[in-house]
Amino acid sequence: MNKPRPPGSGSAPAKPWYRHPWPWLLMAGPAIVVAAGFYTYYLAAHRNNPSLVTDDYYREGKNIALQMERDEEAERRQIRADVLISPDGSRAKILLSGQIEPDTPLKLTWLHPGRDQYDQTVEMQRQGSAETAADRVEYAAVFQPLRPTDHWYVRVEDDAGKWRVQGIWYPKNGYSMNLVPQVQPVAPNPPAAEK
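None of these values were measured; they are calculated from a predicted model.

A.B. asks: Residue-level account of the overall build of the protein, with values.
C.D. replies: Each helix and strand in the protein was counted, giving three helices and nine strands. Counting from the amino terminus, the protein carries its helices and strands in the arrangement α-α-α-β-β-β-β-β-β-β-β-β. When each of the 195 residues of the protein is scored for burial, the buried share is 25%. Contacts in the protein between residues far apart in sequence, at least 24 positions, make up 55% of those at least 6 positions apart. Of the accessible surface of the protein, which amounts to about 14500 Å², a share of 56% is contributed by carbon and sulfur atoms.

A.B. asks: I'd like to hear about a nonpolar patch on the surface, residue by residue, with values.
C.D. replies: Taken together, the side chains of Trp17, Tyr18, Trp24 and Met27 make up a nonpolar region of the molecular surface, amounting to roughly 490 Å² of accessible area. Along the polypeptide, Met27 turns up in helix α1 (residues 21-47). Judged by relative accessible area, which is 40%, Met27 ranks as partly exposed.

A.B. asks: Break down α1 for me, with residues and values.
C.D. replies: Taking 1.5 Å of rise per residue, the 27 residues of α1 would be expected to cover 39 Å, and the 37 Å separating its terminal C-alpha atoms lies within 8% of that figure. Of all the bends found along α1, the most pronounced is centred on Ala28 and spans about 30°, while Pro30, a proline, follows it within four residues.

A.B. asks: Quick rundown of the UniProt feature "transmembrane region" (unreviewed entry) in the protein? Include the residues and the values.
C.D. replies: Mapped onto this numbering, the UniProt entry gives "transmembrane region" (unreviewed entry) at residues 22-42. The distance separating the terminal C-alpha atoms of residues 22-42 is 31 Å; by composition the span is 100% helix and 0% strand.

A.B. asks: Explain the pairing of strand β3 (residues 106-111) to me, and be specific about the residues and the numbers.
C.D. replies: With six bridges connecting them, β3 and strand β7 (residues 152-158) associate as antiparallel partners. Each residue of the ladder has a partner; that of Leu106, found in β7, is Asp158. By the bridge criterion, four bridges tie β3 to strand β4 (residues 120-123) in an arrangement that is antiparallel. Paired with Trp110 across the bridge in β4 is Gln120.

A.B. asks: Can you explain the environment of Leu108? Please cite residues and give values.
C.D. replies: Its place among the elements puts Leu108 in strand β3. Here Leu108 falls in the buried class, since its relative accessible area comes to 0%. The spatial distance from the C-alpha of Leu108 to the C-alpha of Thr121 is 5.7 Å, given a sequence separation of 13 residues. If sequence neighbours within four positions are ignored, Leu108 has contacts with Ala92, Ile94, Gln120, Thr121, Val122, Met124, Ala141, Phe143, Val154, Arg155 and Val156.

A.B. asks: I'd like to hear about the packing of aromatic side chains, residue by residue, with values.
C.D. replies: Aromatic ring pairs are described here by two measures, namely the spacing of the ring centres and the angle between the planes. The full count for this structure, using the stated rule, is six aromatic pairs. Aromatic side chains Trp17 and Tyr18 sit 5.8 Å apart centroid to centroid with 85° between the ring planes, which places their arrangement in the edge-to-face category. With a relative accessible area of 53%, Trp17 lands in the exposed category. With 5.3 Å between their ring centres and 50° between their planes, Trp110 and Phe143 make a pair best called tilted. Here Trp110, found in strand β3, pairs with Phe143, found in the loop between β6 (136-142) and β7; they are 33 residues apart in sequence, far enough to count as distant. Assigned by exposure class, Trp110 and Phe143 land together as buried.

Rules behind the numbers
Residues numbered from 1 in each chain as written. Predicted model: local features only at pLDDT ≥ 70, side-chain atom pairs only at ≥ 80, totals over all residues. Heavy atoms only, no water. Helix = DSSP H or I, 4+ residues; strand = E, 2+ residues; numbered from the N terminus. Buried < 20%, exposed > 50% of the residue type's maximum accessible area, 1.4 Å probe, protein only. Contact = heavy atoms within 4.5 Å. Areas by Shrake-Rupley, 256 points an atom, 1.4 Å probe, with all protein chains shown as cover. Patch = residues over 30% accessible without salt bridge, like charges linked within 9 Å, V, L, I, M, F, W, Y side chains within 5 Å. Salt bridge = Lys/Arg side-chain N within 4 Å of Asp/Glu carboxyl O. Expected span 1.5 Å × (residues − 1). Bend = angle between axes of the 7 residues up to and from the residue. UniProt positions renumbered as here; feature names shortened; annotations may be inferred. Pairing = 2+ DSSP bridges. Phe/Tyr/Trp six-rings, centres within 6.5 Å; stacked < 30°, edge-to-face > 60°.

Okay, structure coming up:
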């Protein structure tokens, strides 16, 4: 005589948990977040190393007085520079006026606003031996093509570090700019005492 079978005993055995899609679907979210976290750490540590803040801010702070002396010396010598940049951003013509020693090597520096690996410093080459109109001397500079950005910090200085003129170039405003000494007092002058 056959015993009656309990209901459901004739069906296939139950599958183990790892053969169901729901546990894997629930674990996929946290696993993706962990993988994305490791990838973000890799990008931050190795790929994108911005140097917006100097590592040695104390030494940079001590050099502020020296930098201001260079600006004051350029003002005393009445040095001005007109910079004409080529449309492809790889050459410049510099018209320099003021009291400049004729045989002193001069440098043109391009400073990117956020990435120091794009900064460039090149030596300027004097064009001809005669001065141009309005007592200006013409120089030329060739450099790596400038990366597209909103603006560049531009500096012309002597190789000995006695003077400098500088400014900001906005490419959207055209391919020319004027560089002047950036003389700024550390603190404003106190008002004169009233009598």
